[in-house]
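Chain by chain, the residues run as shown.
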Amino acid sequence: MKTDSHDKSESKSCGSCEHGHDDTPLPRNTLVIASGSLLGSGMLLQWLKTGPVLLPTIFFGLATLAGGLLVVPAAWGALKKLRLDMNVLMTVAVSGAWLVGEGAEGAAVVFLFALSELLESWSVGRARRAIAALLKLTPQTALVKGADGVAKEVPVADVAVGAEISVRSGSSVPLDGEVIAGESAVNQAPITGESVPVEKKPGDTVFAGTINGEGSLTVRVTKAASDSTLARIIKLVEEAEEQKAPTQRFVDKFATIYTPAVFVVALLVAMLPPLLMGGAWSEWTYRALVLLVIACPCALVIATPVSIVSGLTALARRGVLIKGGAHLEAVGKLRALAVDKTGTITQGRPQVPGVIALGDMTEDEVLRRAAAIDAHSEHPLAKAVVSAAHAKGTTWVESTQYQSITGRGATAIIDGHPHFIGNHKMAHELGICSPEIEARLTEIENQGQSLAILGHTPHEGCEGKILGILAIGDTLRPEAANALTLLHDAGLEKVVMLSGDNQRTVDAIARQAGIDEAYGDLMPAQKIEHIRRLMAEHHFVGMIGDGVNDAPALALASVGIAMGAIGSDTAIETADMALMQDDLTRVAEAIALGRRTLSIIQFNVAFALVVKAVFLILAFTGHTSLWLAILADTGATLLVILNALRLLGTSPFLKLEIGSKP
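Just so you know, these numbers come straight off a predicted model, no measurement behind them. (Residues numbered from 1 in each chain as written. Predicted model: local features only at pLDDT ≥ 70, side-chain atom pairs only at ≥ 80, totals over all residues. Heavy atoms only, no water.)

**A look at the pairing of strand E14 (residues 409–414)**
Both strand E13 (residues 400–405) and E14 contribute to a ladder of four bridges, which runs antiparallel. Counterpart to Thr400 in the pairing with E14 is Ile413. Where E14 lies against strand E15 (residues 417–422), six bridges are found, and the strand directions are antiparallel. Across the sheet, residue Gly409 finds its bridge partner in E15, namely Gly422. Where E14 folds back on E15, the antiparallel hairpin that results is connected by two residues, among which Asp415 adopts a positive phi of roughly 50°. (Pairing = 2+ DSSP bridges. Helix = DSSP H or I, 4+ residues; strand = E, 2+ residues; numbered from the N terminus.)

**Considering the pattern of salt bridges**
Following the criterion strictly, the structure yields 14 salt bridges and no others. Notably, a salt bridge pairs Lys494 with Glu537, separated by 3.8 Å at the nearest N-O pair. Placement of Lys494 in strand E18 (residues 494–498) and of Glu537 in helix H19 (residues 524–538) is noted, with a sequence separation of 43 residues between them. The shortest N-O distance in the salt bridge between Glu537 and Arg533 comes to 3.5 Å. One end of the pair, Glu537, and the other, Arg533, are both in helix H19, four residues apart, so they sit about a helical turn from each other. On the accessibility criterion, Arg533 (26% relative accessible area) is partly exposed. (Salt bridge = Lys/Arg side-chain N within 4 Å of Asp/Glu carboxyl O. Buried < 20%, exposed > 50% of the residue type's maximum accessible area, 1.4 Å probe, protein only.)

**With respect to the environment of Ile211**
Mapped onto the fold, Ile211 is located in strand E8 (residues 211–212). When neighbours within four sequence positions are excluded, Ile211 is seen to be in contact with Gly170, Ser171, Ser172, Ala185, Val186 and Asn187. (Contact = heavy atoms within 4.5 Å.)

The following block contains the structure:
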């Protein structure tokens, strides 16, 4: 995979898009070093004026040949495709320099151009290698336990799903799996960016590339090596880097028009003054060559991709995955954020603190019937009811004809009778609420708790009635209030909570967290309406959800964000941005880094254009040379690269950098 990543990085550099290592008989590094050494030797001989008169020219010629092996083949490939690219620009400029007797300048041009390409290739490769280095964290072999209980070392690619492996203390986990024996603290920083090791015990999940602590673990493999969470992360980042950002697409389109236009202008500069004004052919040809060299848009073309790759890599290192440059730019432009409640603002692990039995029902009977229906569901509130029943030792007979009602609850047959369990709205729609029930529901909701109402469903021969109420509490995430502050500091104008829970509960949670607006009792279609409204007001709107139930809203938002995607294939595939850890502060961090990436891109593009404009004017007026032109181009490219690579070293919390808005 390292080789693939390296090859891809070369293919994206501005001048090397048509060639790589395989197109030349020698490695690029060797040719660039040879070209520079020969150029330096020729200049030294010319300055000292020693040896044969032709010796410096021979050195300049060899320097041109070494550098030309990296440029001419690519130029020829472009011409065969009827395209004029930067390699063609450089080939014409170098050939022209030799024709007008400026061999030293021709050699300097080809060497510095080849050097700038090498720098570009290295810069993108450096960002990519930061992710590829994760592969080194995964052992190439695993200790697989045989039928006799003896562990045997086996290549990870040959380990079958279901096999039991031993993970010794201090070693890396080779494959995704479930702990079946042992306890230990595992460092998950390579996957989630968490700084504190996570305690693992039987039943917990571990991930390839994480580092075991002091204890020894026995793990049952749940995913093949190629399907591990780490492998998916690396694949996702590599795919993301291939997706061009809007700025990059604009620059690429601009370059396709700009380069041919430069050829035409250079041709006119070389021909019109001598033909119309009697100018010297050699002088105006030289000016045209200078124009070709300075017009080469290397810095302009490389400005965006290096910044995007660096930004994607910096976030991936911290457990934030963004699916491409387009989404990273969108993250940097976010002005409003919509969030789900359960699992996003709250812990997502609700409990049942109280059961209210009505009529002649007992609390145990209410819990038994509620669990009989909710056992069919994976909804967090349903799981809380089932867990509460298990905790009390309550048993139940499985209900039949279960049917989920989106945004309301569910119905099923228990003991031959139709029952329902659902929210306040469902009870209203069934027409079985009473003033006494309303008072109890209001009391529960005012405490910031959700509720589930159990009852008989009205049907022929039965008016229906409420049998009991289950109060369900879900605590606020400990980092939620701080995360909301950071989100506003990052430049968000509004944070809105959209929830299917009742309005009173939603309001209570919103007050605790510091959310600007909160809307409850929402169906999925109503969440979409709110997203449309926010987009009309703020243009760029993010949506945080679980990647499944909120799929329509996630898809409509400018950026769909999945919380806690570690180990969840669905969440990673659904959202534009996935947080591998359940930590809202990562969203603020991503927005801040997205803004910083945008600022760097805009500065790089503007800087490259200003340098080009200044030297183009100097070229027309004859106040610059091939030397200065190529030095300016290479210098601008180097500065653009170094500026973009600063993103890789950006601190995890960007408070000092949050203020920059694109």
